[in-house]
Amino acid sequence: MLGALCLTACGGGPAATLEVAAPPSARARSGESAYPLDRMKRSAGRTAAACPKLELRKFGGDSLRFEPAARVVEPFRKRLLELERIVSEVSRRVYDRPPSAILVAASYGCRSIRGKQRRLSEHALGNAIDIKGFRFAPLRGRSSRRLPAALKQGFDVRVDQHWKARGSSVRRQHARFLEELTGALVESGTFRTLLGPAHRDHSDHFHFDMAPQRYVNL
Ligand SMILES: [Zn+2]
């Protein structure tokens, strides 16, 4: 019944009344290991959201650039390093280069889950990131015979324009990139929550977080 316990972040989702982490047995069943924020309370109190004091870190990227820089807690920063590695790997496979920027829509924000005023969003714990797309600079220094000219130039891949896109081969290539990327992220377990256009209020971005339970709705 793990799915029934899901906390989701920006856009609601299955009902959530959980105060603490899922029991170890549930985590074991889902193949997940413990995470430092698992036992943090996510209750927003009776009225306005009361956000915990956190040591937030500004993270502009290590091997890639986050634009603008994200504000997250240290354990989540480590997840973003893993995200960088996977983004680079898939980008090199699809476009022969890593992106020049990961386009961030949101990171830390003191707020509750939309539609659930008494439940803190993972964004309020510095434990989530929203990504709207990826920027690629023109391919320089070497030619790539396999890439069409349009993909040797600079371009953006956007969740709102290219998720499951059809039409031209370039649009389909972008759709393939987003599909392979999210597939690799789901498989790797880098994040527990992965939301995308299939989830309400997520038509233009991916939301990734480390809420205590696994929930994927892309
Ligand atoms: Zn979000």
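Use the structure listed above.
The shown structure was predicted, so the numbers you read here are calculated from the model rather than taken from an experiment.

It is not clear to me how the overall build of the protein should be interpreted in this structure. Could you clarify?
Per the secondary structure count, the protein includes five helices and 11 strands. Relative to its 218 residues, the protein shows a buried fraction of 38%. Contacts spanning at least 24 positions in sequence make up 59% of the contacts within the protein whose residues lie at least 6 apart.

Explanation requested: unusual backbone geometry in the structure shown.
Among all residues except glycine, the phi angle is most often negative; among peptide bonds, the trans geometry is most common. The amide bond that connects Glu67 to the next residue, Pro68, takes the cis arrangement and shows omega of -10 degrees. Secondary-structure assignment places Pro68 in the loop between strand 2 (66–67) and strand 3 (70–72). Here the phi dihedral of Lys164 falls at roughly 55 degrees; this positive angle occurs in a residue that is not glycine. Along the polypeptide, Lys164 turns up in the loop between helix 4 (159–162) and helix 5 (169–188).

I'm lost on the nonpolar core in this one. Help?
The biggest cluster of nonpolar side chains holds 41 residues, and the ones touching the most others in it are Ile102, Val104, Ile129 and Phe177. Looking at this core, the elements that each hand over two or more residues are strand 3, helix 2 (74–95), strand 4 (101–106), strand 7 (128–136), helix 5 and strand 10 (206–209). Per-element tally for this core: the top contributor is helix 2, with seven residues. For Val104, the residues in contact, after removing those within four places along its chain, are Phe66, Glu67, Pro68, Ala70, Ile129, Asp130 and Ile131.

Whenever I open this one, the pairing of strand 6 (residues 116–120) confuses me. Can you help?
Both faces of the sheet carry side chains from a regular strand, because those side chains alternate between them. In terms of strand pairing, strand 5 (residues 112–113) meets strand 6 through two bridges, oriented antiparallel. Counted as the bridge partner of Ile113 is Lys116 from strand 6. Counting the residues that bridge the hairpin from strand 5 to strand 6 gives two residues, and of these Gly115 lies at a positive phi of roughly 85 degrees.

How should helix 5 be read in this particular structure?
Residues separated by three or four positions in an α-helix point in the same direction, a consequence of the helix having 3.6 residues per turn. Its 20 residues give helix 5 an end-to-end C-alpha distance of 28 Å, which sits within 8% of 28 Å, the value for a rise of 1.5 Å per residue. Burial in helix 5 covers these residues: His174, Phe177, Leu178, Leu181, Thr182 and Leu185. An end-on view of helix 5 places all buried positions within 115 degrees of arc, on one side of the element. Exposed side chains of helix 5 directed beyond 90 degrees from the buried face belong to Ser169, Gly183 and Glu187. Buried residues in helix 5 make contact with helix 2, strand 8 (155–158), helix 4 and strand 9 (193–195). Following helix 5 by one or two positions, Gly189 has its phi on the positive side, about 75 degrees.

Got a minute to help me understand the pairing of strand 4 in this structure?
Relative to strand 4, strand 2 is paired through two bridges, and the arrangement is parallel. Along strand 4, the bridge assignment pairs Glu67 with Leu103. Pairing between strand 4 and strand 7: five bridges, direction antiparallel. Each residue of the ladder has a partner; that of Ala106, found in strand 7, is Asp130.

Honestly, helix 2 in this entry has me stumped. Any pointers?
The end-to-end C-alpha distance of helix 2, which contains 22 residues, comes to 31 Å, matching closely the 32 Å that a straight helix rising 1.5 Å per residue would cover. Among the residues of helix 2, those classed as buried are Phe76, Arg79, Leu80, Leu83, Val87, Val90, Ser91, Val94 and Tyr95. End-on view of helix 2: buried residues confined to an arc of 110 degrees, all on one side of the axis. Once helix 2 ends, the next one or two residues include Asp96, with phi positive near 65 degrees.

What counts and how
- Residues numbered from 1 in each chain as written.
- Predicted model: local features only at pLDDT ≥ 70, side-chain atom pairs only at ≥ 80, totals over all residues.
- Helix = DSSP H or I, 4+ residues; strand = E, 2+ residues; numbered from the N terminus.
- Buried ≥ 20, exposed ≤ 12 C-beta atoms within 10 Å, placed from the backbone.
- Contact = placed C-beta atoms within 7 Å.
- Core = buried A, V, L, I, M, F, W, Y, C linked by C-beta atoms within 7 Å.
- Pairing = 2+ DSSP bridges.
- Expected span 1.5 Å × (residues − 1).
- Arc of directions from axis to C-beta.

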